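An overview of the molecular structure
Each chain, written out:
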Amino acid sequence: MEKFLIIDVPCPEDTSERFENLGLTILDAKEMTEDLLVWPGWETLKPWSTLVVFPGNGTKTVKKYIEKEKPFWFSKWPWKAAPNAKRVWILGENPQAFVGRINPGVLIGIKTVVVIDDVISSGVTIRELRKENKNFIPMAKWQAITWVMQEAAITKGFSVIFSIKTVGSKKRKVPVNSLSTLVECREIAESYARRNFGDQAEALLRLIESLC
């Protein structure tokens, strides 16, 4: 089964090759951000009637890369929001998402909400975000763009979904993680390594530790 790792932190030049030697397929955050910014759909949107949304902690990384690659891009979109969003997954249970309001009141004049994400896995977070906020943005159509999406994700309610990289299949998800998460959280790194790498788990953890 193919396993994907998003390289989203500064690393030595040989880092990608070392992870590839452990069986990982590398996705480069910088390259995916460049592709995201030239998505043809942006040209169909009118800035003053479009709301660009970065939900939760995961999208902070996407936002950071956008600011680095094309800092003036944000000035084109006057309406932006970063509501709280957290995905909780317990082994053996369906994922749950806890999301916040985009705006305390009703937004009039917004015709399109574009949700930007790093990974859309099950689709539960973006669906809950729309459910929580759609009545307060009554005229809007919802779209989502992301670095990576599992093909099995359910995105009901979204008129447009665009992913730089689609992984897995309709019936099976594949492991996707970001290097920043593995570096920042030893517990997640250990769980990920033991679950997906068998005899190579220790080698993967040593490589991650060498980057801390």
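Located above this text is the structure these notes cover.
Residues numbered from 1 in each chain as written. Predicted model: local features only at pLDDT ≥ 70, side-chain atom pairs only at ≥ 80, totals over all residues. Heavy atoms only, no water.

1. Overview of the overall build of the protein chain
Looking only at helices and strands, the protein chain has seven helices and 10 strands in total. Expected size for 212 residues packed as a compact globule is a radius of gyration near 17 Å; at 18 Å, the protein chain falls within 12% of this value. Taking the principal axes of the C-alpha coordinates as reference, the protein chain spans close to 55 × 40 × 30 Å. Considering the protein chain as a whole, with its 212 residues, one finds that 45% of them fall into the buried category. When contacts within the protein chain are restricted to residue pairs at least 6 apart in sequence, long-range pairs at least 24 apart make up 67% of them. Taken as a whole, the protein chain presents about 11,700 Å² of accessible surface, with 50% of it coming from carbon and sulfur. Within the protein chain, one finds 30 positive and 25 negative side-chain charges whose respective centroids are separated by 11 Å. (Helix = DSSP H or I, 4+ residues; strand = E, 2+ residues; numbered from the N terminus. Rg over C-alpha atoms; globule rule 2.2 N^0.38 Å. Buried < 20%, exposed > 50% of the residue type's maximum accessible area, 1.4 Å probe, protein only. Contact = heavy atoms within 4.5 Å. Areas by Shrake-Rupley, 256 points an atom, 1.4 Å probe, with all protein chains shown as cover. Lys, Arg positive; Asp, Glu negative; His and termini not counted. Charge placed at Lys NZ, Arg CZ, Asp CG, Glu CD.)

2. Considering helix 2 (residues 29–37)
Those residues of helix 2 lying buried are Ala29, Met32, Thr33, Leu36 and Leu37. All buried residues of helix 2 project into a common sector of 135 degrees when viewed along the axis, lining one side. Structurally, the start of helix 2 carries an N-cap: the backbone nitrogen of Lys30 is 3.0 Å from a side-chain oxygen of Asp28. (Arc of directions from axis to C-beta. Polar contact = N/O pair within 3.5 Å; in protein donor to acceptor, adjacent residues only side chain to side chain.)

3. Here's the deal with the nonpolar core
Of all hydrophobic cores here, the largest spans 26 residues; its most connected members are Leu36, Trp42, Trp73, Ile116 and Trp147. Going through the elements one at a time, strand 1 (3–7), helix 2, helix 3 (58–69), strand 7 (112–120) and strand 8 (141–150) are the ones with two or more residues in this core. By residue number, the principal contributor to this core is helix 2, which donates four residues. With sequence-adjacent residues up to four places away left out, Ile116 is seen in contact with Leu36, Trp42, Val52, Val53, Phe54, Pro55, Thr59, Val62, Trp73 and Ile145. Membership of the second largest hydrophobic core comes to 19 residues, among which are Ala81, Val99, Val115 and Met149. (Core = buried A, V, L, I, M, F, W, Y, C linked by side-chain atoms within 4.5 Å.)

4. Some words on the environment of Phe19
By the element assignment, Phe19 lies in helix 1 (residues 15–20). Assessed through its relative accessible area of 0%, Phe19 is described here as buried. It is 47 Å that separates the C-alpha atoms of Phe19 and Gly105, two residues lying 86 residues apart in sequence.

5. Examining a nonpolar patch on the surface
On the surface, Val106, Ile108 and Met139 cluster together to form a nonpolar patch covering roughly 330 Å² of accessible area. The residue Met139 is located in the loop between helix 4 (124–133) and strand 8 in this model. (Patch = residues over 30% accessible without salt bridge, like charges linked within 9 Å, V, L, I, M, F, W, Y side chains within 5 Å. Salt bridge = Lys/Arg side-chain N within 4 Å of Asp/Glu carboxyl O.)

6. Thoughts on the pairing of strand 7
Across the nine residues of strand 7, eight count as buried, placing the element largely inside the fold. Where strand 3 (residues 50–53) lies against strand 7, four bridges are found, and the strand directions are parallel. If you follow Val52 over to strand 7, its bridge partner there is Val114. Sheet analysis places strand 7 next to strand 8, joined by eight bridges and oriented parallel. Paired with Val119 across the strands is Val148, a residue of strand 8. Regarding topology, helix 4 serves as the crossover connection from strand 7 to the parallel strand 8, and that connection is right-handed. (Pairing = 2+ DSSP bridges. Right-handed = clockwise from strand over helix to strand, strands pointing away.)

7. Brief notes about the side chain of Asn177
On the secondary structure map, Asn177 appears in strand 10 (residues 176–178). The class of Asn177 is buried, set by a relative accessible area of 15%. With residues up to four places along the chain from it excluded, the contact list for Asn177 reads Phe4, Leu5, Ile6, Leu182, Ile188 and Tyr192.

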